[in-house]
Amino acid sequence: MNSELIEWGVAERRMPGETLSGDLHLVKPLENSVLVAVADGLGHGKAAAEASRLALETVEQCSHRPLAQVLEDCNRSLLRTRGAVMSLALLNATDNSMAWVGVGNVAGVLVRTTRDGKPAKESLLSSSGVVGGKLPPLRVAALKIESGDTLVLATDGIRRGFEDGIVLFDRAERTAQGILARDGVETDDALVLVATFQGRPR
């Protein structure tokens, strides 16, 4: 799928035996930027799905605010739920930058192609904790990005270390499906979102 500034795709599956997934995503185009979020409600099933749904509704409503404030708003919204872990990233075409922040174990990896053609990876440093409880100190990191740089956000239904085997295909959807097929586990909900930065349309 394409939101002008990014080309993105998602792959997901529910835990066997469940009718709802607690792993949800949001891609929100803004002026000259795109906000990407993945939420994983604690546990699985209906209560986990409700926590994630409420978290992403809050992100959508507060998308104009700085990322740390968005997470603080989510924390207040989720106080009466079982809580969720989340990662958010704002990809900005105005200055070719990305800001990202996470609470809990939704992994974030940025894959760059270097001048020698080899991929270089940078990982999101998340704060330990739960959104909807005692929110930890938030660490919003900012970095420069270029056209072709690819962001991957993955819940803990994707095996840790998945980033070591990432193969970037020509379509983000295909990359996401490949990660899920190779590294998805059967004992939890699983979701992986892939977004390739395209920059400002010419």
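The residue numbers shown here count from 1 along each chain, following its written sequence. Where totals are concerned, whole chains, interfaces and linings use all residues; where local detail is concerned, this predicted model gives features only for residues with pLDDT of at least 70, and gives and counts side-chain atom pairs only at 80 or more. With hydrogens and water stripped out, all remaining heavy atoms of the structure feed into the side-chain values.

Brief notes about the overall build of the protein chain
What counts is decided by this rule: Numbering of helices and strands runs from the N terminus, with a helix taken as a DSSP run of H or I at least four residues long and a strand as a DSSP run of E at least two residues long. C-alpha atoms define the radius of gyration, and 2.2 Å times the number of residues to the power 0.38 defines the globule rule. Using a 1.4 Å probe on the protein chains alone, a residue whose accessible area is under 20% of its type maximum counts as buried, one over 50% counts as exposed, and one in between counts as partly exposed. By definition in these notes, contact holds between two residues if any of their heavy atoms fall within 4.5 Å.
Across its full length, the protein chain holds three helices and 10 strands. Counting from the amino terminus, the protein chain carries its helices and strands in the arrangement β-β-β-α-α-β-β-β-β-β-β-α-β. The C-alpha radius of gyration of the protein chain comes to 16 Å, within 12% of the 17 Å expected for a compact globule of 202 residues. Projecting the C-alpha coordinates of the protein chain onto the three principal axes gives extents of approximately 50 × 35 × 25 Å. In the protein chain, buried positions account for 52% of the 202 residues. Expressed as a percentage of contacts within the protein chain between residues at least 6 apart in sequence, the contacts between residues at least 24 apart total 69%.

What about the confidence of the model for the protein chain?
The following threshold applies: What pLDDT expresses is the predictor's confidence in each residue, scored from 0 to 100.
Looking at the protein chain as a whole, the pLDDT averages 92, with 97% of positions reaching at least 70. At the level of individual helices and strands, the protein chain shows its lowest average pLDDT in strand 7 (residues 119–123), which scores 86, and its highest in strand 4 (residues 84–92), which scores 98.

Digging into the packing of helix 1 (residues 46–61) against helix 2 (residues 67–77)
Packed helices, taken two at a time, are described by their axes: the angle between them and the distance between them. In plain terms, the rule: Every axis in this analysis is a line fitted to C-alpha atoms, fitted for helices over the stretch in contact. Angles between the N-to-C directions lie between 0 and 180 degrees. An angle below 35 degrees is treated as roughly parallel, one above 145 as roughly antiparallel, one from 65 to 115 as roughly perpendicular, and anything else as oblique. Take the far helix as the reference: if the near one is turned anticlockwise from it by less than a right angle, the crossing is left-handed, and if turned clockwise, right-handed. Lys, Arg, Asp and Glu make up the charged group, whereas Ala, Val, Leu, Ile, Met, Phe, Trp, Tyr, Cys and Pro make up the nonpolar group; the residues left over, Gly among them, are polar.
Closest axis-to-axis distance for the helix 1/helix 2 pair is 9 Å, and the angle between their directions is 140°. As far as their axial angle goes, helix 2 and helix 1 are oblique. Between helix 1 and helix 2 lies a crossing of right-handed hand. Across the interface between the two elements, Leu-54, Ala-55, Thr-58 and Val-59 from helix 1 touch Val-70, Asp-73, Cys-74 and Ser-77 from helix 2. Of the residues that constitute the contact of helix 1 with helix 2, the class distribution is five nonpolar, two polar and one charged.

Thoughts on helix 3 (residues 172–183)
How we decide: The span one expects for a helix is its residue count, reduced by one, times 1.5 Å. Working note: the arc is built from the helix axis to C-beta atom directions.
Over its 12 residues, helix 3 runs 16 Å from end to end, which matches the ideal 16 Å to within 8%, given 1.5 Å per residue. Within helix 3, the full set of buried residues consists of Ala-172, Thr-175, Ala-176, Ile-179, Leu-180 and Asp-183. Each buried residue of helix 3 sits inside an arc of 130° when the element is viewed along its axis, so together they form one side. Buried residues in helix 3 make contact with strand 1 (6–13), strand 9 (150–154) and strand 10 (190–197).

Description of the nonpolar core
Where we set the bar: We call a set of buried residues a nonpolar core when its members are Ala, Val, Leu, Ile, Met, Phe, Trp, Tyr or Cys and they connect through side-chain atoms within 4.5 Å of each other.
By size, the foremost hydrophobic cluster in this structure holds 25 residues, and its most contacted members are Ile-6, Leu-91, Met-98, Trp-100, Leu-151 and Leu-193. When contributions to this core are tallied by element, the ones reaching two or more residues are strand 1, strand 3 (33–41), strand 4, strand 5 (97–103), strand 9 and strand 10. Counting residues per element, this core draws most heavily on strand 10, which supplies four residues. Ignoring sequence-local partners within four residues, the contact set of Leu-193 consists of Trp-8, Gly-9, Val-10, His-25, Val-27, Val-36, Val-38, Leu-151, Val-152 and Leu-153. Core analysis: the next-biggest nonpolar cluster, separate from the first, contains 21 residues, Leu-56, Met-86, Val-101 and Val-131 among them.

Structural notes on the sheet that holds strand 4
What counts here: Note: two strands are recorded as paired if DSSP finds a minimum of 2 bridges between them.
One open sheet accounts for five strands, arranged 2-3-4-5-8; its pairing is antiparallel. Only two strands of the sheet have a single partner each, and these edge strands are strand 2 (23–30) and strand 8 (141–144). Here the strands of the sheet are splayed against their neighbours by 15° on average, with no regard to which way each runs. The pairing of strand 5 with strand 8 spans four bridges and is antiparallel. Across the sheet, the residue bridging to Ala-99 is Ala-142, located in strand 8. Against the sheet, helix 1 touches strand 2, strand 3 and strand 4, its axis set at about 160° to strand 3.

Here's the deal with the sheet that holds strand 6 (residues 107–113)
On the basis of which strands lie adjacent, the open sheet formed by five strands has the order 1-10-9-6-7 and antiparallel pairing. Two strands in the sheet have a free side with no partner beyond their single neighbour: strand 1 and strand 7. On average, adjacent strands in this sheet sit at an angle of 15° to one another, irrespective of strand direction. Here strand 9 pairs with strand 10 via five bridges, running antiparallel.

Points about the pattern of salt bridges
Note the cut-off: For this analysis, a salt bridge means a side-chain nitrogen from Lys or Arg found within 4 Å of a carboxyl oxygen belonging to Asp or Glu.
In the structure shown here, the tally under the stated rule is 10 salt bridges. Between Arg-171 and Glu-7 there is a salt bridge, with its nearest N and O atoms 3.6 Å apart. Separated by 164 residues along the polypeptide, Arg-171 in the loop between strand 9 and helix 3 and Glu-7 in strand 1 bring together distant segments of the chain. For Glu-7, a relative accessible area of 5% translates into the label buried. Residue Arg-112 pairs with Asp-149 through a salt bridge whose shortest N-O separation is 2.9 Å. Of this pair, Arg-112 sits in strand 6 while Asp-149 sits in the loop between strand 8 and strand 9, and the two are 37 residues apart along the sequence. With respect to class, Arg-112 is no different from Asp-149; both count as buried. Three or more residues are tied together by salt bridges with common partners; here these are Glu-50, Arg-53 and Glu-57.

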